[in-house]
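# What the coordinates show
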Amino acid sequence: MLRDAIRSLAEAKIAPHAAAVDEDARFPQEALEALVANDLHAVHVPEEYGGAGADALATVIVIEEVARVCASSSLIPAVNKLGSLPVILSGSEELKKRYMTPLAKGDGMFSYCLSEPDAGSDAAGMKTKAVRDGDHYVLNGVKRWITNAGVSDYYTVMAVTDPTKRSKGISAFVVEKSDEGVSFGAPEKKLGIKGSPTREVYLDNVRIPADRMIGEEGTGFATAMQTLDHTRITIAAQALGIAQGALDYAKGYVQERKQFGKPIADFQGIQFMLADMAMKISAARALTYQAAAASERGDADLTYQGAAAKCFASDVAMEVTTDAVQLLGGYGYTRDYPCERMMRDAKITQIYEGTNQVQRIVMARNLP
Ligand code: CAA
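None of these values were measured; they are calculated from a predicted model. (Residues numbered from 1 in each chain as written. Predicted model: local features only at pLDDT ≥ 70, side-chain atom pairs only at ≥ 80, totals over all residues.)

Right, let's talk about the overall build of the protein for a bit. Secondary structure assignment for the protein yields 10 helices and 10 strands. Relative to its length of 368 residues, the protein is compact, with a C-alpha radius of gyration of 21 Å against a globular reference of 21 Å. The 368 residues of the protein split such that 51% are buried. Pairs at least 24 residues apart make up 74% of the contacts formed inside the protein by residues separated by at least 6 positions. (Helix = DSSP H or I, 4+ residues; strand = E, 2+ residues; numbered from the N terminus. Rg over C-alpha atoms; globule rule 2.2 N^0.38 Å. Buried ≥ 20, exposed ≤ 12 C-beta atoms within 10 Å, placed from the backbone. Contact = placed C-beta atoms within 7 Å.)

Turning our attention to the UniProt feature "domain: Acyl-CoA dehydrogenase/oxidase N-terminal" (unreviewed entry) in the protein. Summarizing the sequence annotation, UniProt attributes the feature "domain: Acyl-CoA dehydrogenase/oxidase N-terminal" (unreviewed entry) to residues 1-107 in the numbering used throughout. Helix makes up 74% of residues 1-107 and strand 0%, and the two end C-alpha atoms of the span are 27 Å apart. (UniProt positions renumbered as here; feature names shortened; annotations may be inferred.)

What follows covers the packing of helix 4 (residues 71-90) against helix 6 (residues 220-256). Packing of helix 4 against helix 6 brings their axes to within 9 Å, and their N-to-C directions diverge by 160°. Judged on the interaxial angle alone, helix 6 and helix 4 are roughly antiparallel. The hand of the helix 4/helix 6 crossing is right-handed. Contact residues: helix 4 offers Ala71, Ser74, Ala78, Lys81, Leu82, Leu85, Pro86, Leu89 and Ser90, while helix 6 offers Thr223, Ala224, Gln226, Thr227, His230, Thr231, Thr234, Gln238, Gly241 and Ile242. Within the contact of helix 4 with helix 6, the residues separate by chemical class into eight nonpolar, 10 polar and one charged. (Axes fitted to C-alpha atoms, helices over the stretch in contact; angles between N-to-C directions. Parallel < 35°, antiparallel > 145°, perpendicular 65-115°, else oblique. Left-handed = near helix turned anticlockwise from the far one by under 90°. Nonpolar A, V, L, I, M, F, W, Y, C, P; charged D, E, K, R; others polar.)

When its domains are assigned, the protein resolves into domain 1 (2-105), domain 2 (110-218) and domain 3 (222-365). Taking the mean C-alpha position of each, domain 1 and domain 3 sit 20 Å from one another. Listed per partner, the contact involves 24 residues of domain 1 and 25 residues of domain 3. Residue assignment for the side of domain 1 that touches domain 3 shows that the elements contributing at least two residues are helix 1 (2-24), helix 3 (56-69) and helix 4. (Domains from an automatic or database assignment.)

This next bit is on the pairing of strand 3 (residues 136-147). Here strand 2 (residues 129-133) runs beside strand 3; their pairing, made up of five bridges, is antiparallel. By the bridge assignment for strand 3, Arg132 is matched with Tyr137. Here strand 2 folds back onto strand 3 in antiparallel fashion, the turn holding two residues, of which Gly134 has a positive phi close to 65°. In this sheet, strand 7 (residues 198-209) lies alongside strand 3 in antiparallel orientation, the contact comprising nine bridges. Bridged to Tyr137 within strand 7 is Ile208. (Pairing = 2+ DSSP bridges.)

As a further point, take unusual backbone geometry. Residue Ala25 is not a glycine yet carries a positive backbone phi of 45°. You can see Ala25 is positioned in the loop between helix 1 and helix 2 (29-37). The class for Ala25 is partly exposed, based on 16 C-beta atoms found within 10 Å. The backbone of Phe260 shows a phi angle near 55°, a positive value even though the residue is not glycine. In this structure, Phe260 sits in the loop between strand 9 (258-259) and strand 10 (262-263). Phe260 sits in the exposed class, given 7 other C-beta atoms within 10 Å.

As a structural note, the neighbourhood of the ligand is formed by 26 residues, with Thr147, Ala222, Met225, Tyr352 and Gly354 the closest of them. When contributions to the shell around the ligand are tallied by element, the ones reaching two or more residues are helix 4, strand 3, helix 6 and helix 10 (356-365). Here the shell around the ligand gets six residues from one element, more than from any other, and that element is helix 6. Its residues assigned to classes, the shell around the ligand comprises 16 nonpolar, seven polar and three charged. (Near = placed C-beta within 6 Å.)

For the rest of this paragraph, the subject is the nonpolar core. Of all hydrophobic cores here, the largest spans 115 residues; its most connected members are Phe173, Ala243 and Ala324. Residues contacting Phe173, with those up to four places away along its chain left out, are Ala130, Tyr137, Leu139, Val157, Ala159, Ile208, Arg212, Met213 and Ile214. (Core = buried A, V, L, I, M, F, W, Y, C linked by C-beta atoms within 7 Å.)

Turning our attention to the environment of Met343. Locating Met343 in the fold gives a position in helix 9 (residues 339-348). Considering only alpha carbons, one finds Met343 and Cys70, 273 residues apart in sequence, at a separation of 12 Å. Apart from residues no more than four positions distant in its own chain, Met343 is found in contact with Thr321, Thr322 and Val325.

Mapping Arg7 onto the fold places it in helix 1. Judged by local crowding, Arg7 falls into the partly exposed class, with 17 C-beta atoms found within 10 Å.

A large share of helix 9 lies buried, amounting to eight of its 10 residues. Residues of helix 9 that are buried: Cys339, Glu340, Arg341, Met342, Met343, Asp345, Ala346 and Ile348. Tucked into the core, helix 9 has its buried residues touching helix 1, helix 4, helix 6 and helix 8 (302-332).

So this is what it looks like as structure tokens:
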């Protein structure tokens, strides 16, 4: 029922704008409004803070169905979860009330600030500093590749509070867009997910109350990693949705397209490609839903499960979208058809929330 409801909404309100959002590299405002109106922009927020209280699997289905028609738009529910989960997992009750309530209402979005220009895969090598000053912390540094930066009102920022302790000297904070000293770089010019702005976040003597720290001093890196354990599954969901969208389009196209006097769907070479695409998507979906169940239960092997789902589903998305372009031939290579956009959008799922090489490090360190 949930899937059917979201699919109808996504097809009616989000799909019609997907090509223009990509072409013009503009934020999908129509998608945000439709998602907020239907309480689907941050479904993971618990009911006690006014949220929909969706479990991890339901959240995956929402993201999957939005990504099936517009990957850029799927980053609204996905990054709202990524940015706010540190607060939900480790924040004080006061912080949860203060920030989850507007998020649930659709009055403000969340972003997640871990990466820096010189700290990508080596996240613990970050340089952004937070120095205690009485009842405040003063933050200075640059965060890079921040999804939905500028659009979001709230930012979970990981910063060094004790430079002698590497990962154990990192703490997490909530920074607000309106805080003095917060500014944003120019939007990155990207290959795909062009509707979702990616910008640097500059923190220039940003003075925030100490109660905006998430959890205890020195626990920020662990909170950031725990968050990714859960949210890499939402990237798997995004990848799955993109792949399904490409398969659905290609499946229709091959029935219509006639060569050598018959629909190309009648050729076994085409049928075999479609069969492989469907098989890979089924396997990716099984792994993603299994990981979502592990996330919901808090299983001991969640770190492995999240990394495996993200790694596998994103590779499948790249393969399936590339094959969809191939099935459409020359038409697939043009912007008149959606498959090339899906192929470009799929690529980022192998890179963000940790490259697939990092996922293999994570899996190898946490083998089940
Ligand atoms: N859960 C809880 N704690 C964890 C943890 C986890 N999954 N992983 C690590 N920790 C904690 C542990 O306490 C650990 O210390 P112990 O020795 O006590 O166990 C401490 O963190 C340090 O861990 P590591 O020694 O494993 O750290 P490392 O420096 O070797 O790095 C890494 C490990 C896996 C490479 C990690 O740096 C990593 O995941 N890198 C990729 C970062 C990433 O995914 N970035 C994406 C940013 S989000 C994004 O893409 C933006 C967006 O908007 C979509």
